[in-house]
Structure formats: structure tokens, C-alpha cells
Amino acid sequence: MSTSQTSSSDVPTLLVRIFGKDRPGITAGLFDTLAAFSVDVVDIEQVVTRGRMVLCALVTEPPSGLEGDLRSTVHSWAESMKMQADIISGLGDNRPRGLGRSLVTVLGHPLTAEATAAIAARITKTGGNIDRIFRLAKYPVTAVEFAISGVETSQLRPALVTDAAALGVDVAVVDAGLHRRAQRLVVMDVDSTLIQDEVIELFAAHAGCEDKVAEVTAAAMRGELDFEQSLHARVALLEGLDASVVEKVRTEVRLTPGARTLIRTLKRLGYQVGVVSGGFTQVTDDLKERLGLDFAQANTLEIVDGKLTGRVTGEIVDRAGKARLLRRFAAEAGVPLSQTVAIGDGANDLDMLNAAGLGVAFNAKPVVQEAAHTAVNVPFLDTVLYLLGVTREEVEAADTHDEE
């Protein structure tokens, strides 16, 4: 009976580990060496860090009487390649992974050894096992992904997110599985998320009332004022402003660093992308066209006879409205709500963040960070890609391909 027909846990196996300076041909050379002993490959793992390779090969035991020759031959080959080798006998494959699968993404700027140790210790304390660690990016932040088994995501997430703030890192915990590679819908807030500005303050600067508007905006974003009331109060201060200001404000809007990269990459992945805003369609419609967004919804400034009336028209996009629009966009996109990602910074984004499959607080107010699934506290919007398992190398390779 062949080894493939016997119980995998009963098959004698050898773990062959090669380590040393990386160079082309090491992997091929090892398996050429092993091929002479008619072994089957059970598992392979290879890691290269700063030019140093660790290559692990789990193979079936060779025919009777040949193990000594295999060990001698592998060690001789490794020495000829200026590598080191060790070989460990055992039975079967890796032990079965525990129930519960999660992916933990850690973002640090920098990522300290202290924070890494604390995250690893917390994973262990919750009953989880670290199966694999992979670096997603080295700039503009260091981003690493831990594959965890043995604990449910619902238990792991609150434990790690609580530690993250004290450690000065950002941590996202999501379920592992096929759904992570499925089509998604990403919906963002606009002011202080997709863009660096508060749009109504840009309008207010032209009306000479920016100080008054800024005071009301700050209180509303902290959750101290009802959003709709504050919206009407701020817009009223714009009464009489010439409509030509709209075009000026559009040119003044500054995208958040990484915004174009985030959207461009998401679109390449086949995702749909939208924005919802307590700001104004006079700006979001322009952003939708410029950035190729699939959805955009905001409040609309009323303009009569070429002047702003100080009123808004149509349905108000407030805290509840943003969550409602997320659901509407998801239905139109044909994407389950569990496959949506929402990104925002203010209290009026909370319902949307909580309704999404993954809610990301982006440089957000404390109340928002505490309530969201995860937080990102670096000024680069494209770091959200790492939470989705996209590496920096993949982003750059796609950009290079498009330029060719």
C-alpha cells in the first residue's frame, strides 16, 4: 500500500530544515537531492528575511535502510552550498489546527518589539495559536499579518483591540476564509477621511464665517450636537454666497495621502467603492467623477438665482442616513452586508461602521475608535489595504504594470 493510502498520522516522516544565505537554486537543489531517495513531499515552507533563508521540507521516510544515506547526502549537499541542515524524524503531518480561524493585521509606525511581544502574548492568553506570520508592508508603515487558530474571532478581537491603543499600534482582527477574497464594497466618509478638509469650512472661508462654522462642526463630530440641527445652523451662515464659489471649493479640496492608491487598487481587485457624506453633492459628485467611484451620496446645497439660499434640499444624510445608504449601496452592488467595509472618523459615522462587516475608524475621535471594529491612526488612507490582506508589493507591481 502506498503512503498516500495509509493514515497520514501513522506515516513516518522527516522534517528537513535548510538555513543560510539565500541564493538561486537552493530549493531546486534540495529536492533534487531528496528525489534520489523516492520520498514524497508532505509540506513545504520557505521564508527569506534580509537575505537569509529558512527552508523546511516535510517528506515521507525513504525506503528501509536508506535514511542514513539520505541524512548524509543532504548534509553534504548543504555544506557544498555553504548552508546548514538538520533533519528530525517523526510521524505524520502538522498537528490539526484548532477550531476558529482569524487573521490579525498589526500596523506600527514603528512596530516595536515590545508591541509585538504583547500582541503575541495576548493571542496565546486567549487560547489562540500563531500558525504563520507574514509581512504585508514595510512602508509607509510596518504591517504584519498573523494567521491564528484555536480561538473564535469574536473572542480575539476585543482582547487585541483593547491592547492596541496602549501599545501604540493598530490591530484589525477578521475571520479567515474564502470570503476575504470575495468581491467587496468599500464605503467611505468624505470630510477628514477621503479628503483632508471639512467641506463646509471651505465654503465658510469664502463667506467669512469659518470660525463660527468650525465651532459647530467640532461639537457635532464629537457627538455633542444633533447632526441635522448643526447642519442647518452651519448652512444658514452661507446664505447669499455666490454659486461660483462651488468651483473654487472643488479646487481647494485636498485628498488624503493614499486616497488615490486605495481607490485605484480596490477597483483593480474588482471591488465597488462609494462615499457617503454629511457634506454636499456639489463636491461629492465631482469626487465621484474624478476618482471613478461607483456610489456617492451627500446633502445638497440649495442654489437659487446663482446664490446659496442657506438651506439644503432633499433627504438629509446624517448618522442614521449613512448606515441606510451603506445598506442601499450593498443591495445595488449585490454584495452581502458582511462583505462591506466602512471607513470614517466622526460620531456620525458610527452607525455605518457598526453595520459594516468591517468598520475602520480612520484617525478618528476617541468615541469612534472605541466603537469601531478596528482603528487606523496613521495619515495614509491606503493602509486600509493591508487590513484586506493586500501587500505593498502587490500594489506597486500593479502600478508598474499599468505604466508599461
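These numbers come from a predicted model, not from an experiment.

About the cut-offs
Position numbers for residues start from 1 in each chain and track the written sequence from start to end. In view of the model being predicted, local features appear only for residues whose pLDDT reaches at least 70, and side-chain atom pairs are presented and counted only at 80 or more, with totals across whole chains, interfaces and linings using the full set of residues. Excluding hydrogens and water, the side-chain values take into account all heavy atoms of the structure. One speaks of a salt bridge when a side-chain nitrogen belonging to Lys or Arg is within 4 Å of a carboxyl oxygen belonging to Asp or Glu. Comment: elements are numbered from the N terminus, with helices defined as DSSP H or I runs of at least four residues and strands as E runs of at least two. Under the scheme applied here, a residue whose accessible area is under 20% of the maximum for its type counts as buried, over 50% as exposed, and between as partly exposed, the area being computed with a 1.4 Å probe on protein chains only. Two strands pair if DSSP finds at least two bridges between them. UniProt positions are given in the numbering used here, feature names are shortened, and annotations may be inferred rather than shown by experiment. In this description, a line fitted to the C-alpha atoms serves as the axis of each element, helices being fitted only across the stretch in contact, and the angle between N-to-C directions of two axes falls anywhere from 0 to 180 degrees. Here, residues are in contact when the closest pair of their heavy atoms is within 4.5 Å. The criterion is simple. A nonpolar core is a set of buried Ala, Val, Leu, Ile, Met, Phe, Trp, Tyr and Cys residues joined through side-chain atoms within 4.5 Å.

### A short note on the pattern of salt bridges
Tallying each qualifying case throughout the model produces 18 salt bridges. Residue R311 pairs with E302 through a salt bridge whose shortest N-O separation is 2.8 Å. Two residues, K365 and D345, come together in a salt bridge whose shortest N-O distance is 3.3 Å. Here K365, found in the loop between β14 (358–362) and α13 (366–371), pairs with D345, found in the loop between β13 (340–344) and α12 (350–355); they are 20 residues apart in sequence, far enough to count as distant. A residue is classified by how much of its surface remains accessible, and K365, at 27% relative accessible area, is partly exposed. For D345, a relative accessible area of 1% puts it in the buried group. A network of salt bridges, in which partner residues are shared, links D189, K322 and D349.

### Section: the pairing of strand β8 (residues 170–175)
Counting buried residues in β8 gives five out of six residues, a clear majority hidden from the surface. Across six bridges, the pairing between strand β5 (residues 101–108) and β8 is antiparallel. Bridge pairing links T105 to A172 in β8.

### A short note on the UniProt feature "domain: ACT" (unreviewed entry) in the protein chain
As recorded in UniProt, the sites labelled "domain: ACT" (unreviewed entry) are residues 15–95. Between the C-alpha atoms that bound residues 15–95 there is a distance of 14 Å. The span itself is 30% helix and 41% strand.

### Focus: unusual backbone geometry
With an omega of 5 degrees, the peptide bond running from H109 to P110 counts as cis. Omega for the bond connecting Y139 with P140 falls within 30 degrees of zero, at 0 degrees, which places this linkage in the cis form. Positionally, P140 belongs in the loop between β6 (129–137) and β7 (142–149). For R50, which is not a glycine, the phi torsion comes out positive at approximately 50 degrees.

### With respect to the sheet that holds β7
Ordered in space as β6-β7-β5-β8, the four strands form an open sheet in which the pairing is antiparallel. The open sheet has two edge strands with one neighbour each: β6 and β8. Along the sheet, successive strands turn relative to each other by an average axial angle of 20 degrees, direction set aside. In terms of strand pairing, β6 meets β7 through seven bridges, oriented antiparallel. Within β7, the position partnered with I133 by the bridge is F146. Most of the contacts of helix α4 (residues 153–167) go to β8, to which it runs at about 175 degrees, and overall it touches β5, β7 and β8.

### A look at the nonpolar core
One finds M188, L194, F203, F280, L287 and I343 to be the most contacted residues of the largest nonpolar core, which totals 63 residues. The biggest single contributor to this core is helix α5 (residues 199–207), with five residues. L287 has contacts with V190, L194, I195, V253, L255, G292 and L293, leaving out every residue within four places of it along the chain. With 22 residues, the next largest nonpolar core counts F295, A333, V335 and A375 among its residues.

### Things to note about the environment of G90
Following the sequence through the fold, G90 ends up in strand β4 (residues 84–91). When the C-alpha atoms of G90 and S277 are compared, they prove to be 59 Å apart, with 187 residues separating the residues in sequence.

### Remarks on the sheet that holds strand β3 (residues 52–60)
Read from one edge of the open sheet, four strands run β2-β3-β1-β4, paired in antiparallel fashion. Bordering the open sheet on either side are β2 (41–49) and β4, each of which pairs with just one other strand. For this sheet the average axis-to-axis angle between neighbouring strands, irrespective of direction, equals 10 degrees. The sheet strands contacting helix α1 (residues 26–35) are β1 (12–21), β2 and β3, and the helix crosses β3 at an angle near 25 degrees. Helix α2 (residues 67–80) contacts β1 and β4 of the sheet and is inclined by roughly 155 degrees relative to β4.

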